[in-house]
Amino acid sequence: MSLTSTAALADLTGPAPRDDGLAIVYIDASLLLVNKPAGLLSVPGRGEDKQDCLARRVQAEYPDALIVHRLDMATSGLLVLARGKAMQRRLSTQFANRQVDKRYVAVVNGLPPLASGEIDLPLAADWPNRPRQKVDRLAGKPSRTRYQVLSHDPVANTTRLALWPDTGRTHQLRVHLLAIGHPIVGDGLYAEAGGAACAAGERLLLHAESLAFAHPETARPMAFCCPAPF
């Protein structure tokens, strides 16, 4: 499937949200959690116009803050940063070993046939259409997403889902939901494949709502929740 350059750039262009101060959810000497707004890069991109990002905004106030994981520019929600390289290594290990519980909320087009389910489809980069990803049953990396229906709006024909990604592939939730016929509302990057309902809305309706992990210094269990703004 071909993709126009305009669609391909939809996820990477446009002005970042105004810097009105950091929405810090938690902070201590080892880490901090921030509620990232939609439309802001997690880390700097390529080009002078893509240097504004969450990591740099945080580092302007907390110079020792280091990125541990990322959210898509279009996705809002909880992002954890480590304070110092030792804490970064410890937190990164938890993410790499899948010891972090992540829960997202999304609004998708249509109504999935099951109240809950699992999407197990391998994903790979769609090289001719970067930054898009695609289902690739031959060369793709194993990718698994669990979902549960939270509510359905029959008038708008949309469904609110809770999502648990068991793996952390690029655009995993977006491509998995698109692949089963229920694209996330407002996903301009995949609008060509998802149709008008996919492109509708001012933003991608995907939010990283909760994170749970062990404190990198004390090993104390920590859990945070930041409700979706939609």
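To be clear, the structure that these remarks concern was listed above.
This is a predicted model, so every value here is computed, not measured.

**A look at the environment of Leu40**
Okay, so step 1: With respect to the helices and strands, the residue Leu40 is situated in the loop between strand 2 (31–36) and helix 2 (54–61).
Okay, so step 2: Look at Leu40 and you get buried, because its relative accessible area is 0%.
Okay, so step 3: Separated by ten residues in sequence, Leu40 and Lys50 place their C-alpha atoms 9.4 Å apart.
Okay, so step 4: If we skip the residues at most four places from it in the chain, Leu40 touches Ala16, Pro17, Asp52, Cys53, Leu54, Arg57 and Met73.

**Some details on the nonpolar core**
Okay, so step 1: Counting 33 residues, the largest nonpolar core has Val58, Leu81, Tyr104, Leu163, Leu177, Ile184 and Leu206 as the members making the most contacts within it.
Okay, so step 2: When residues of this core are traced back to their parent elements, those giving at least two are strand 2, helix 2, strand 3 (65–67), strand 4 (76–83), strand 5 (101–109), strand 10 (158–165), helix 4 (172–179) and strand 11 (206–214).
Okay, so step 3: Take this core: its biggest share by element is four residues, from strand 5.
Okay, so step 4: Not counting chain neighbours up to four residues away, the residues in contact with Leu177 comprise Val108, Ile119, Leu161, Leu163, His182, Pro183 and Ile184.

**With respect to unusual backbone geometry**
Okay, so step 1: Arg130 connects to Pro131 through a cis peptide bond whose omega is 15°.
Okay, so step 2: Take Pro131: it is sitting in the loop between strand 7 (123–125) and strand 8 (133–135).
Okay, so step 3: For Asn157, which is not glycine, the phi dihedral falls at a positive 55°.
Okay, so step 4: Checked against the element boundaries, Asn157 lands in the loop between strand 9 (144–153) and strand 10.
Okay, so step 5: What makes Asn157 partly exposed here is its relative accessible area of 38%.
Okay, so step 6: A positive phi angle, close to 70°, is found at Ala219, a residue other than glycine.

Calculation rules
In every chain, residue numbers begin from 1 and rise along the written sequence. Predicted model: local features are reported for residues with pLDDT of at least 70 only, side-chain atom pairs are reported and counted for 80 or more only, and whole-chain, interface and lining totals are derived from all residues. Just so you know, side-chain values use all the structure's heavy atoms and leave hydrogens and water out. The helix count covers DSSP runs of H or I at least four residues long, the strand count covers runs of E at least two residues long, and both are numbered beginning at the N terminus. Accessibility here uses a 1.4 Å probe with only protein chains present; expressed as a share of the type maximum, an area under 20% marks a residue as buried, one over 50% as exposed, and anything in between as partly exposed. Here a residue-residue contact requires only that any non-hydrogen atoms of the pair lie within 4.5 Å. Each nonpolar core is a collection of buried residues, namely Ala, Val, Leu, Ile, Met, Phe, Trp, Tyr and Cys, held together in the definition by side-chain atoms within 4.5 Å.

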